[in-house]
Amino acid sequence: MSHRLSELSIKIMLVYDKKPLPAWQDTRRTLNVHSLYWVHEGRGIFTLEENDLSVHAGSFFYLKPGRELLMKSSFDHPLHMSMILFETAAVTLEHGVWSAQPLTLLDIPETLVFEGTDKEEMESRVKAVRVAWAPGDDWREAAANHQLLKLLKHLVNLGKPGSVAGKPEEAGYRQVKAHMDTHYFSDIRLQEAALQHGISPKSLRRRFLQETGMAPKEYLDQIRYEHAVRLLAHTDEPLKRIAAACGYYDEFHFSKSFKKRNGIAPSIFRSRQRQR
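Below is a summary of the structure that appears in this document. Note that the structure is a prediction, hence the values are computed from the model and not measured.

### Some thoughts on the overall build of the protein
In terms of helices and strands, the protein carries nine helices and ten strands. Looking at the protein as a whole, 40% of its 276 residues qualify as buried. Taken as a whole, the protein presents about 15,700 Å² of accessible surface, with 52% of it coming from carbon and sulfur. Once the 39 positive and 34 negative side-chain charges of the protein are each reduced to a mean point, those two points are 6 Å apart.

### A word on the pattern of salt bridges
Overall, the coordinates contain 13 salt bridges when judged by the stated rule. Lys-19 is paired through a salt bridge with Asp-17; the nearest N and O atoms lie 2.8 Å apart. On the basis of relative accessibility, which here comes to 53%, the residue Lys-19 falls in the exposed class. Residue Asp-17 is classed as buried on the basis of its relative accessible area, which comes to 18%. Between Arg-241 and Glu-237 there is a salt bridge, with its nearest N and O atoms 3.6 Å apart. Judged by its relative accessible area of 29%, Glu-237 falls in the partly exposed class.

### Re the packing of helix H6 (residues 216-234) against helix H8 (residues 251-262)
Axis separation between H6 and H8 bottoms out at 11 Å; the angle between their running directions is 95°. Looking at the two axes, H6 sits roughly perpendicular to H8. Where H6 abuts H8, its residues Glu-218, Asp-221, Gln-222, Tyr-225, Ala-228, Val-229 and Leu-232 lie against Phe-254, Phe-258, Arg-261 and Asn-262. Tallied by class, residues from the contact of H6 with H8 come to six nonpolar, two polar and three charged.

### A look at the side chain of Arg-67
Mapped onto the secondary structure, Arg-67 falls in the loop between strand S6 (59-63) and strand S7 (70-73). A polar atom in the side chain of Arg-67 sits 3.2 Å from the side chain of Glu-49. If near-sequence neighbours (up to four positions away) are discounted, Arg-67 is found in contact with Arg-28, Leu-31, Leu-48, Glu-49 and Glu-110.

### Some points on H8
The terminal C-alpha atoms of H8, which comprises twelve residues, lie 16 Å apart, in line with the 16 Å expected from a rise of 1.5 Å per residue. Of the residues one or two after H8, Gly-263 is the one with positive phi, at around 95°.

### Examining the sheet that holds strand S4 (residues 43-48)
Taken in spatial order, the four strands make up an open sheet running S2-S7-S4-S5, and their pairing is antiparallel. Strands with a single pairing partner mark the edges of an open sheet, and in this sheet they are strand S2 (25-27) and strand S5 (51-56). Taken over all neighbouring pairs, the strand axes of this sheet differ in orientation by 20° on average, direction set aside. Summarising the sheet, S4 and S5 pair through six bridges and their orientation is antiparallel.

### Here's the deal with the environment of Pro-201
Here Pro-201 is to be found in helix H5 (residues 201-212). On the basis of relative accessible area, Pro-201 is assigned to the partly exposed category, the value being 33%. Sequence separation of Pro-201 and Val-39 is 162 residues, and the distance between their C-alpha atoms is 37 Å. Here Pro-201 is in contact with Gln-191, Ala-194 and Leu-195, once residues within four sequence places are set aside.

### Observations regarding the nonpolar core
Of all hydrophobic cores here, the largest spans 28 residues; its most connected members are Ile-12, Leu-36, Phe-86 and Leu-148. Of all the secondary structure elements, the ones that give two or more residues to this core are strand S1 (8-18), strand S3 (34-41), S6, strand S8 (80-94), helix H1 (116-132) and helix H2 (138-158). Counting residues per element, this core draws most heavily on H2, which supplies seven residues. Setting aside chain neighbours within four positions, we find Leu-148 in contact with Ile-10, Ile-12, Leu-36, Ile-84, Phe-86 and Val-129. If you look at the next biggest cluster of nonpolar residues, it comprises 14 residues, including Val-176, Met-180, Ile-188 and Ala-193.

### Side note on the layout of surface pockets
One number sums up the size of the second largest pocket: a volume of about 550 Å³. Every residue lining the second largest pocket is counted, 19 residues in all, and those nearest its centre are Lys-217, Asp-221, Arg-224, Tyr-249 and His-253. Elements with a minimum of two residues in the lining of the second largest pocket: H6 and H8. Classifying every residue of the lining of the second largest pocket gives six nonpolar, four polar and nine charged.

Parameters and conventions
Residues numbered from 1 in each chain as written. Predicted model: local features only at pLDDT ≥ 70, side-chain atom pairs only at ≥ 80, totals over all residues. Heavy atoms only, no water. Helix = DSSP H or I, 4+ residues; strand = E, 2+ residues; numbered from the N terminus. Buried < 20%, exposed > 50% of the residue type's maximum accessible area, 1.4 Å probe, protein only. Areas by Shrake-Rupley, 256 points an atom, 1.4 Å probe, with all protein chains shown as cover. Lys, Arg positive; Asp, Glu negative; His and termini not counted. Charge placed at Lys NZ, Arg CZ, Asp CG, Glu CD. Salt bridge = Lys/Arg side-chain N within 4 Å of Asp/Glu carboxyl O. Axes fitted to C-alpha atoms, helices over the stretch in contact; angles between N-to-C directions. Parallel < 35°, antiparallel > 145°, perpendicular 65-115°, else oblique. Contact = heavy atoms within 4.5 Å. Nonpolar A, V, L, I, M, F, W, Y, C, P; charged D, E, K, R; others polar. Polar contact = N/O pair within 3.5 Å; in protein donor to acceptor, adjacent residues only side chain to side chain. Expected span 1.5 Å × (residues − 1). Pairing = 2+ DSSP bridges. Core = buried A, V, L, I, M, F, W, Y, C linked by side-chain atoms within 4.5 Å. 1 Å grid on protein atoms, 1.4 Å probe; cavity = no way out; pocket = protein on both sides within 12 Å on 5 of 7 lines; lining within 4 Å. Points joined across faces, edges and corners; volume = space filled by probe spheres on them.

Set out below in structure tokens:
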């Protein structure tokens, strides 16, 4: 999946809480959708391409469309699990033209095992999808799709090399990033923000590179640029006001930074947007 998560359009087809039943056996019947399986409790065997995998509380599986699966539950410790079946596509807007590309594979691990607080977090995320979903209710379906997108984002992060989800520095990174996302217009001193939220500047840089592919300052610059682009395209605000609204020192700094990233001055960008 080379697309941004913000471009994903998701449609949940089914959320099913399969209660414990001793020694049940089943196969994956709907093969044309993406499927997530989360084991709440119990034990069993999942067979993927003739490979038998032991499953228990905290086991997670992601199956792309077409992947076959055989599930068997223990008699003494029957499986209790949730299944989420969904379809997804990348929806993009380029030069006023919408396009949708169905996705056949997501960048999330096929199998994971969670323990401790990581298991509790996954349990909470899966429950949020299950509780929100109500087929036929547009608002509830939209809420469930949103919760699933958050779950997928979490799983994408876990699939990245060097992921440290669940470790103490994870909370610090999330807090700093949230502060940058919502206070991009203010004077953010990254070293101070890192120490304030209990993460070293070095660790903060490493986490940003792992999660976003950018260093913290580069990420902050990107956030400011994205807001500036939208203000230029959709408002008549003067450049001086846009600069202040997006966290730039002044209009000169804004114009210089914008041209370095975009190749043209903000005024020219705005003019070209209006001509489309």
